[in-house]
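Below, each chain spelled out in residue letters.
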Amino acid sequence: MKILLTGGLGYIGSHTAVQALKDNYEVIIVDNLSNSKEEVVNKIRQITGKDVKFYKIDVCDKQKLELVFDENPDIFAVIHFAGFKAVGESVEKPLMYYQNNLISTINLLELMKKNGIVNFIFSSSATVYAPSKIMPLEESFPLEASNPYGRTKLFNEFILKDFQSANPEFNITLLRYFNPIGADDSGIIGEDPNGIPNNLMPYICKVAIGEFDHLDIFGNDYNTKDGTGVRDYIHVVDLATGHIKALKQIESNKNNGLKIYNLGTGKGYSVLDIVNTFNKVNGDLVKYEFTQRRAGDIDIYYASPKKAEKELGFKTEKTLEEMCKSSYNYVIKNK
Ligand code: WQD
């Protein structure tokens, strides 16, 4: 079974490529290297001992993208990871985000329809949920995005819902990620953001290897058990497995239609939980200071994983200790 992964050299894409290859899928990757490195192709081959076809193409370049479909008419499904994802940058450059994150999806859908490829899995995000006092978040909860990045995810969901209504032969699954962290046990691939990391775990890792002096914890006056923000951290390998489960559901249900699933653990951990666990499993490496809240952050959110568990047979397996250990293992092996 051949699948196409856009953004397949990125953090989540590359881990999904590894899991798919291990599960005997044939994997094609399209990536423009805007936030990834070509060396990841060989790293994926190294981990799996299998080949993967790579095209250095921007999914917004429809003409070049068409080549991929011409050369691979037997693609079973497309998993669409490619997209810009920095919240702060999206506020400064909204048109760049709308252009890139929406045109890429529209190009894919048009070329898939033209080539009779009807199975599509979309990398969505918990960021599409409206602020909610009720936790855990369920797929039926109200949607509202608070920044251009989040709105591109939300608008993509609307585009995909409208497209699937107009083209019922399409099977489209929206996977809403919570907070992916961790790395493949090999330490060969992992989270490797350009520049100063926005997200918690990659920043912690930079402190642990001495690139930064300490972690600033953005606010300790939230309405949570220890005052620091609570999130649903999911191991990236569990997240990748969730995509394989979504593929299997499409394979087994001819008319799967449009499905929406949270991919999270159902457990919330605070920033201090993460720092303390990281220091416990890796050695006391991370000092921290409390600073002001970061604009746009909210107290607490975590997933209800029940629907994915029931309908996809998806259940996370990795522990917070494994997430912290594997994150550090990756940076140590690649510094
Ligand atoms: C987690 C917690 C921060 C950095 C973001 C995106 C979201 C999704 C996941 C793509 C919060 C605290 C962080 C730091 C800190 N991405 N923190 N010091 O904000 O929950 O979600 O990534 O879909 O769209 O918004 O993740 O890792 O940035 O923050 O104290 O240096 O860590 O306040 O409580 P977030 P995060």
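Data block above holds the structure.
Draft legend 1. Broad picture of the side chain of S326. Tracing the sequence through the fold places S326 in helix 11 (residues 320-333). Of note is the side chain of S326, whose polar atom sits 3.2 Å from the backbone oxygen of M323. Apart from the residues within four sequence positions on either side, S326 is in contact with G182, A183, D185 and H235.

Draft legend 2. How the structure looks around the pairing of strand 1 (residues 2-6). For strand 1, the buried fraction is high: 5 of the 5 residues fall into the buried class. Judged by which residues are buried, strand 1 turns out to be covered on both faces: K2, L4 and T6 on one side and I3 and L5 on the other are all buried. Judged from the 5 bridges that link them, strand 1 and strand 2 (residues 26-30) form a sheet pairing that is parallel. Within strand 2, the position partnered with T6 by the bridge is V30. For the segment spanning strand 1, helix 1 (residues 11-22) and strand 2, crossover handedness is right-handed. Judged from the 5 bridges that link them, strand 1 and strand 4 (residues 75-80) form a sheet pairing that is parallel. Across the sheet, residue L5 finds its bridge partner in strand 4, namely I79.

Draft legend 3. Expanded view of the environment of E311. Summarising the element assignment, E311 is placed in helix 10 (residues 306-312). Look at E311 and you get partly exposed, because its relative accessible area is 34%. In this structure the C-alpha to C-alpha distance between E311 and Q249, which are 62 residues apart in sequence, comes to 8.2 Å. Apart from the residues within four sequence positions on either side, E311 is in contact with Q249, K259 and Y261. Engagement of the side chain of E311 in a polar contact is seen with the side chain of Y261, the distance being 2.5 Å.

What counts as what
- Residues numbered from 1 in each chain as written.
- Predicted model: local features only at pLDDT ≥ 70, side-chain atom pairs only at ≥ 80, totals over all residues.
- Heavy atoms only, no water.
- Helix = DSSP H or I, 4+ residues; strand = E, 2+ residues; numbered from the N terminus.
- Polar contact = N/O pair within 3.5 Å; in protein donor to acceptor, adjacent residues only side chain to side chain.
- Contact = heavy atoms within 4.5 Å.
- Buried < 20%, exposed > 50% of the residue type's maximum accessible area, 1.4 Å probe, protein only.
- Pairing = 2+ DSSP bridges.
- Right-handed = clockwise from strand over helix to strand, strands pointing away.

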